[in-house]
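Coordinates in review
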Amino acid sequence: MVDADFSDSDSDSEAEQKARVESLEAELAANPSNYDSHLHYIKLLRRMGDVDKLSAAREAMSQLFPLTPCMWQEWIKDHLSLSPDSTATILTLYQRGLFDYLSVPLWCDYLNFVQESDPPVGISKVRDLFETALAAAGLHVSQGSLLWEAYRQFEQAILLTIDDDNETDATTQAKDKQVQLIRSLFHRQLSVPLADMTLTFTAYTTWEAEQGNLESTDALVHIPPHVASAYHKALDMYNARKHLEQQISNQDIPDSERLQHYMNYLKFEQSSGTPARVQVLYERAITDFPISPDLWLDYTRYLDKTLKVGNLVSNVYSRATKNCPWVGELWVRYLLCLERSHAPEKDLEEVFEKSLQCTFSTYDEYLDLFLTRVDGLRRRMALASTGEMDISDYKIIRETFQRASNYLSPHLKNTEVLLHMHAYWAHLETKYGKDIAAARGVWENFLKICGSMLEAWRGYIAMEIELGHVNEARSIYKRCYSKRFSGTGSEDICHSWLRFERELGKLEDFDHALQKVTPRLEELKLFRIQQASKLAEENENNPKRNARDKRKLVSDISDEKSPAKRQRDAGRNPKKAPEENNQVQNSSHVEKVEGVNQKINKTDNLSEQQSTPRNNRAYSDQHTAFISNIPPMANYEHIRSFFSDVGGVVAIRILHDKFTGKSRGLAYVDFIDDEHLAAAVAKNKHRLLGKKLSIARSDPKRGGKESSGPKAFREHVSQEDGRVSSRKGGDSVQLKGKNTFAVPRNVRPVGFLANKPKAGVVGDEKPKSNDEFRKMFIS
């Protein structure tokens, strides 16, 4: 019964294993790049003992990924148990394993297998293999001594084979030569900073004593001075690296910290200037961190700087791209490395095709690959060609560009990198392909994809101008001047066309372009104004923005000087009083127009400053409108456009703060007659740049309310005698003179009645209440 239960358990286990194998096979068929699935698949097949599938699984994984030294050792061990006589296959597996990563234990296994192989390998070949091992890992600080010791043991075994009983001249010479070879190995090892150097030195002195060359194994004085000097120098080097070795060997710390210790160690080794030792340390680092892109990039960058060319550099790039196939920069530099080493075109094409099968994080990496391939083809063809380039060879470049455009255009639409690629393509079509039609086809196809890019049209035009095709460039301008580009691009292309015709075209061509461009520029100008109005309206609807404007308004009012204070200041400085009395209280810019249809200067800074007395004005007070609540960004052109449907505007004066120079939101607009003024007042509460304007007649003779704007003035001007009254508390101060102050019209001090006071009772009016006072302002 027990046996039956055990049999059923085994049967279930085998069924589960087969189901798991089928599941992993399906996963690998769907995603061959799944590293973990490969590992689980190999482990499961090894447990099941399915030799055929196991071998195929290992081969499949090794084609995609480097295998770890432990995986290679398992593979070789399994193969030896099945086919112990397949020496050539085992040697190949060892060589493949040593190519993937640096591993001293795998090197030792390889060397032992070669020495024990049947038929035996010649002594010279074994020595060559040991020298190769020392070149690869002899500088490994923590494990390199294993290779040195194995080499010495091999040579000492040869020394023991020499027959001491048959002492002939040939035997003596052979023995002396072998002893000298072993001594040389000791000297070489003692000059390298390795772990357990003191044990190596003890073994050396003991061996020399056995040869009868030293009386005491402890006396350094009996060994050659150059050997002692090299040993002490290497010992100091090892002591300087001992703490670094301990840090990278600590398995109890996080991988990120351990990797950082490697990077610090590498910087230390690079400062010593020994490339071989730096390379060995890089190999140790990538063995422990095989999928660190930064480490591979740093390693290959160092090799490009120090070695530049050679199989060693290309082999490292091959391993780097297998470990980190998702890093586009590694593939790009791999192609450049092969080009530097003058690799066959077949190898370059193979690497390029492999790179395109990888998945990168950005499409820019694919673009960089395509351009690197094109660059290499162009340079190779230029070097191989002494005359005109063969058009059949250029087809490879054209096909590469076409592949890049087909793949990248949907993903990099309207980007500068895609524009530069097509510009490069068109340039090569004209210079090397000698095909102007093909170059134009490149630009035309690009415009179908990215026709909204101004630079695309400019690049096309620049090519035609460079080739001297003025008519073709003009036809492109005619196609694109009416298109809408981002920013100021639409205006820029219009001005560019005019500049092109002025410099290269005839007068008729310039006139034609001007006729086409002028209405387009006017249309764009109107569009900008509408956009500014929309933006201002959005800002007005923003509560935070409105609150900020209100705080600013209060600040502007509080900064104004009262009339009484200004009078006191004038009294303290009587010499300056006449000059100040002839200036406008609040700076006002005026835009004068001699006729209704006269053109207005669009630049605010060129407008004249109103500084003349009111009685000397050249315009009539009977046809003036007072506007308040004007947006701060509004200028003369905005106000003129606002009254464009009314017409009859003679002059516009915007009031500015005396100290800040900013608009106070107030303005006077003079009209040619009362009919136009009435039409302007009818536009009261209409919006300008998103804000409702307050528009009223300005009638200073009546003293009537012309505006109840938020920034009411504190001055009162008497038209009959030119007096300026100022009230502070209960006092009244009068300054005689016709032009004492030239202040804005019809502004009254706080609390005065609107009508002119009767004779003899000036200053006796009852002040208005706060509520009555607030009604004088627009809230």
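We now turn to the structure provided with this report. (Residues numbered from 1 in each chain as written. Predicted model: local features only at pLDDT ≥ 70, side-chain atom pairs only at ≥ 80, totals over all residues. Heavy atoms only, no water.)

Okay, the packing of helix α24 (residues 489–504) against helix α25 (residues 507–540) next. Orientation of α24 relative to α25, taken along the N-to-C sense of each, is 165°, at an axis distance of 9 Å. In terms of orientation, α24 lies roughly antiparallel with respect to α25. Where α24 crosses over α25, the handedness of that crossing is left-handed. On α25, the residues that touch Ser490, Glu491, Cys494, His495, Trp497, Leu498, Glu501 and Arg502 of α24 are Asp509, Phe510, Ala513, Leu514, Lys516, Val517, Arg520, Leu521, Leu524 and Arg528. Residues that form the contact of α24 with α25 fall into these classes: 9 nonpolar, 2 polar and 7 charged. (Axes fitted to C-alpha atoms, helices over the stretch in contact; angles between N-to-C directions. Helix = DSSP H or I, 4+ residues; strand = E, 2+ residues; numbered from the N terminus. Parallel < 35°, antiparallel > 145°, perpendicular 65-115°, else oblique. Left-handed = near helix turned anticlockwise from the far one by under 90°. Contact = heavy atoms within 4.5 Å. Nonpolar A, V, L, I, M, F, W, Y, C, P; charged D, E, K, R; others polar.)

Before going further, it helps to examine the pairing of strand β3 (residues 624–628). Summarising burial for β3: 5 of the 5 residues are buried, a large majority. Neither face of β3 is left uncovered, since the one carrying Thr624, Phe626 and Ser628 and the one carrying Ala625 and Ile627 both have all their residues buried. Pairing of β3 with strand β5 (residues 663–671), which is carried by 4 bridges, proceeds in the antiparallel orientation. Residue pairing in the sheet places Thr624 in a bridge with Asp670 of β5. With 4 bridges joining them, β3 and strand β8 (residues 694–697) adopt antiparallel strand pairing. Across the sheet, the residue bridging to Ile627 is Ile695, located in β8. (Buried < 20%, exposed > 50% of the residue type's maximum accessible area, 1.4 Å probe, protein only. Pairing = 2+ DSSP bridges.)

A few words now on the packing of aromatic side chains. The final tally for this structure, using the stated rule, is 31 aromatic pairs. With 6.0 Å between their ring centres and 85° between their planes, Tyr262 and Phe289 make a pair best called edge-to-face. Of the two residues, Tyr262 sits in helix α12 (residues 255–272) while Phe289 sits in the loop between α13 (275–288) and α14 (293–306), which places them 27 residues apart along the sequence. No difference in accessibility class separates Tyr262 from Phe289, as the two residues are buried. An angle of 70° between the planes, with centres 5.2 Å apart, marks the rings of Tyr366 and Tyr407 as edge-to-face. Pair noted here: Tyr366 is in helix α18 (residues 363–384) and Tyr407 is in helix α19 (residues 391–408), with a separation of 41 residues, a long-range link. For Tyr407, a relative accessible area of 35% corresponds to the partly exposed category. (Phe/Tyr/Trp six-rings, centres within 6.5 Å; stacked < 30°, edge-to-face > 60°.)

At His342, a residue that is not glycine, the phi angle is positive and equals roughly 55°. Relative to the helices and strands, His342 is located in the loop between α16 (328–340) and α17 (345–356). For His342, a relative accessible area of 70% translates into the label exposed. Positive phi, close to 75°, is recorded for Lys685, a residue that is not glycine. Along the polypeptide, Lys685 turns up in the loop between α30 (674–681) and β6 (687–688). The exposure class of Lys685 is partly exposed, given its relative accessible area of 47%.

With that settled, the discussion passes to the environment of Ile158. With respect to the helices, strands and loops of the structure, Ile158 is situated in helix α8 (residues 144–160). Sequence spacing of Ile158 and Ile123 is 35 residues, and the spatial spacing of their C-alpha atoms is 9.1 Å. Sequence-distant contacts of Ile158, defined by excluding residues within four places in its chain, comprise Ile123, Arg127 and Gln178.

Time to look at the pattern of salt bridges. Applying the stated criterion across every chain, the model contains 34 salt bridges. Taking the shortest distance from any N to any O, the salt bridge between Arg458 and Glu455 comes out at 3.2 Å. Here the residue Arg458 and the residue Glu455 both occupy positions in helix α22 (residues 454–466), the gap between them amounting to 3 residues, near one helical turn. According to the relative accessible area criterion, Arg458 is partly exposed, its value standing at 31%. Judged by relative accessible area, which is 40%, Glu455 ranks as partly exposed. Taking the shortest distance from any N to any O, the salt bridge between Arg474 and Glu501 comes out at 2.7 Å. (Salt bridge = Lys/Arg side-chain N within 4 Å of Asp/Glu carboxyl O.)

A few words on the nonpolar core. Judged by nonpolar contacts, the single largest core of 146 residues is most densely connected at Trp107, Leu147, Trp296, Ile397, Leu408 and Phe446. Here this core gets 8 residues from one element, more than from any other, and that element is helix α6 (residues 104–116). In this view, Leu408 contacts Tyr363, Tyr366, Leu367, Phe370 and Leu418; residues no more than four positions away in its chain are not counted. Residues Ile630, Ile639, Val649 and Leu677 belong to the second largest nonpolar core, which totals 22 residues. (Core = buried A, V, L, I, M, F, W, Y, C linked by side-chain atoms within 4.5 Å.)

Quick look at the pairing of β5 now. Taken across its 9 residues, β5 has 9 buried, putting it largely inside the fold. Looking at chain direction, strand β4 (residues 649–656) and β5 are connected through 6 bridges and run antiparallel. Each bridged residue has a counterpart across the sheet, and for Ile654 the counterpart in β5 is Ala667. Linking two consecutive strands that pair antiparallel, namely β4 and β5, is a turn of 6 residues; a positive phi of about 75° is found at Gly661 within it.

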